[in-house]
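# Fold and contact review
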Amino acid sequence: MLSKNRIKYIHSLEQKKYRKAEGVFLAEGPKLVEELLGRLECRLLAATHQWLKGQTIVQATEVVEVTEEELARASLLKTPQQVLGIFVQPQEQTDASVIRNSLCLALDDVQDPGNLGTIIRVADWFGIEHIFCSPGTADAFGPKTVQASMGALARVHLHYTSLPALISGLNEEIPVYGTFLNGDNLYAEKLETERGLIIMGNEGNGVSHEVEQLVNRRLLIPNYPAGRTTSESLNVAVATAIVCAEFRRQAASK
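What you see is a predicted model; the values in this text were computed from it and never measured. (Residues numbered from 1 in each chain as written. Predicted model: local features only at pLDDT ≥ 70, side-chain atom pairs only at ≥ 80, totals over all residues. Heavy atoms only, no water.)

Helix and strand counts for the chain stand at 11 helices and 10 strands. For the chain, whose C-alpha radius of gyration is 20 Å, the value lies close to the compact-globule estimate of 18 Å for 254 residues. Taking the principal axes of the C-alpha coordinates as reference, the chain spans close to 60 × 40 × 35 Å. The 254 residues of the chain split such that 46% are buried. For the chain, contacts bridging at least 24 residues in sequence account for 76% of all contacts bridging at least 6. Surface accessibility of the chain: about 13,200 Å² in total, with carbon and sulfur atoms responsible for 48%. With 25 positive and 30 negative side-chain charges, the chain shows a separation of 3 Å between the mean positions of the two kinds. (Helix = DSSP H or I, 4+ residues; strand = E, 2+ residues; numbered from the N terminus. Rg over C-alpha atoms; globule rule 2.2 N^0.38 Å. Buried < 20%, exposed > 50% of the residue type's maximum accessible area, 1.4 Å probe, protein only. Contact = heavy atoms within 4.5 Å. Areas by Shrake-Rupley, 256 points an atom, 1.4 Å probe, with all protein chains shown as cover. Lys, Arg positive; Asp, Glu negative; His and termini not counted. Charge placed at Lys NZ, Arg CZ, Asp CG, Glu CD.)

Printed below as a string of structure tokens:
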């Protein structure tokens, strides 16, 4: 059974200030919770009898069996899904050296939580293990982002840091890619697929001017057919998926 105070605490985690103060985040639903269990520390797991009986081992500090009604009172979802968990946020050390040895993403003020969660999921799918986020990027541990990431937070490392400072500290030989309307055709460029940084910009304004000055490889995702009137731009999560797919396609063809 969940007390009123415990339910109030769970609801408080919808707000960033409480998540930050406690160093935790909320995840809901069997698929998401099962992805995170055993990979991230779980402080509290609240689940129905039906979900619990299907588990052999539950790695959590505290497990509480609840009814559907209790879960509905605690859940932030319109339709509660058998289980919710409070997990400890990973504490990541920002180390630019990973950019010298692997392909990484950087997000320049991506503000929509759903977009951020989808990008984390895309990174996980394409084997990109590190995402560097500007301070203005949405909180990776907000409920909407966590739900959209579908468990990818267990495998993708998020680093919040100044992007200009990060990029300025890189060797000039390290490729820093950005997508622009006046860039070079993504599909015609020979991409360095083993290392570097791919920068994706804000939903409305794209890559900021300060960060743009540090990009040394400008790319364009061309529309089709050339010259046809289309939408003004692509959704940033969709654009990220297209760019990552081309990097991995070229890597596979070598």
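Next, the rest of the story.
To continue, consider the layout of surface pockets. Size it by volume and the largest pocket reaches roughly 750 Å³. At the level of secondary structure, the elements contributing two or more residues to the lining of the largest pocket comprise strand S8 (176-185), strand S10 (217-220) and helix H11 (236-253). Sorting elements by how many residues they give to the lining of the largest pocket places S8 first, with 3 residues. Of the residues that constitute the lining of the largest pocket, the class distribution is 11 nonpolar, 12 polar and 3 charged. (1 Å grid on protein atoms, 1.4 Å probe; cavity = no way out; pocket = protein on both sides within 12 Å on 5 of 7 lines; lining within 4 Å. Points joined across faces, edges and corners; volume = space filled by probe spheres on them. Nonpolar A, V, L, I, M, F, W, Y, C, P; charged D, E, K, R; others polar.)

This paragraph deals with the sheet that holds strand S6 (residues 130-133). The strand order across the open sheet built from 6 strands is S7-S6-S5-S9-S8-S10, with neighbouring strands paired in parallel fashion. Each edge of the open sheet is held by one strand with a lone partner, namely strand S7 (157-160) and S10. Taking the axes of each pair of neighbouring strands and ignoring which way they run, one obtains an average angle of 35° across the sheet. Where S8 lies against S10, 5 bridges are found, and the strand directions are parallel. In the strand pairing of S10, Tyr177 is matched with Arg217. The sheet strands contacting helix H7 (residues 113-125) are strand S5 (103-107), S6 and S7, and the helix crosses S5 at an angle near 175°. (Pairing = 2+ DSSP bridges. Axes fitted to C-alpha atoms, helices over the stretch in contact; angles between N-to-C directions.)

What follows covers the nonpolar core. Grouped together as the largest cluster of nonpolar side chains are 48 residues, with contacts concentrated most on Phe87, Leu105, Ile120 and Ile131. Of the residues forming this core, the biggest block, 6 residues, is contributed by H11. When neighbours within four sequence positions are excluded, Leu105 is seen to be in contact with Ile119, Ala123, Ile128, His130, Ile131, Phe132, Leu197, Ile198, Met200, Thr240 and Cys244. The next biggest cluster of nonpolar side chains, apart from the first, holds 18 residues, and it includes Ala96, Ile167, Leu170 and Leu197. (Core = buried A, V, L, I, M, F, W, Y, C linked by side-chain atoms within 4.5 Å.)

Further remarks concern the pairing of S5. For S5, the buried fraction is high: 5 of the 5 residues fall into the buried class. A two-sided burial pattern is seen for S5, the buried positions comprising Leu103, Leu105 and Leu107 on one face and Cys104 and Ala106 on the other. Examined bridge by bridge, S5 and strand S9 (residues 196-200) share 5 bridges and lie parallel to one another. Each bridged residue has a counterpart across the sheet, and for Leu105 the counterpart in S9 is Ile198. Bridging between S5 and S6 involves 3 bridges; their strand directions are parallel. If you follow Ala106 over to S6, its bridge partner there is Phe132. Viewed along the sheet, the connection from S5 through H7 into S6 turns out right-handed. (Right-handed = clockwise from strand over helix to strand, strands pointing away.)

Enumeration according to the criterion identifies 3 aromatic pairs in this entry. A centroid spacing of 5.8 Å and a plane angle of 25° characterise the contact between Phe25 and Phe87, whose relative ring orientation is stacked. Of this pair, Phe25 sits in strand S1 (residues 24-28) while Phe87 sits in strand S4 (residues 83-88); the two residues are 62 residues apart in sequence, bridging distant segments of the chain. Phe25 sits in the buried class, given a relative accessible area of 0%. (Phe/Tyr/Trp six-rings, centres within 6.5 Å; stacked < 30°, edge-to-face > 60°.)

Let us now look at helix H1 (residues 4-12). An α-helix turns once every 3.6 residues. As a result, residues three or four positions apart point the same way. Turning to H1, its buried residues are Ile7, Ile10 and Ser12. Looking at the buried side of H1, the elements it contacts are helix H2 (16-22), S1, strand S2 (42-47), helix H5 (68-74) and S4.

The next point concerns the pairing of S8. As paired elements, S8 and S9 share 3 bridges and run parallel to each other. Bridge pairing links Tyr177 to Ile198 in S9.

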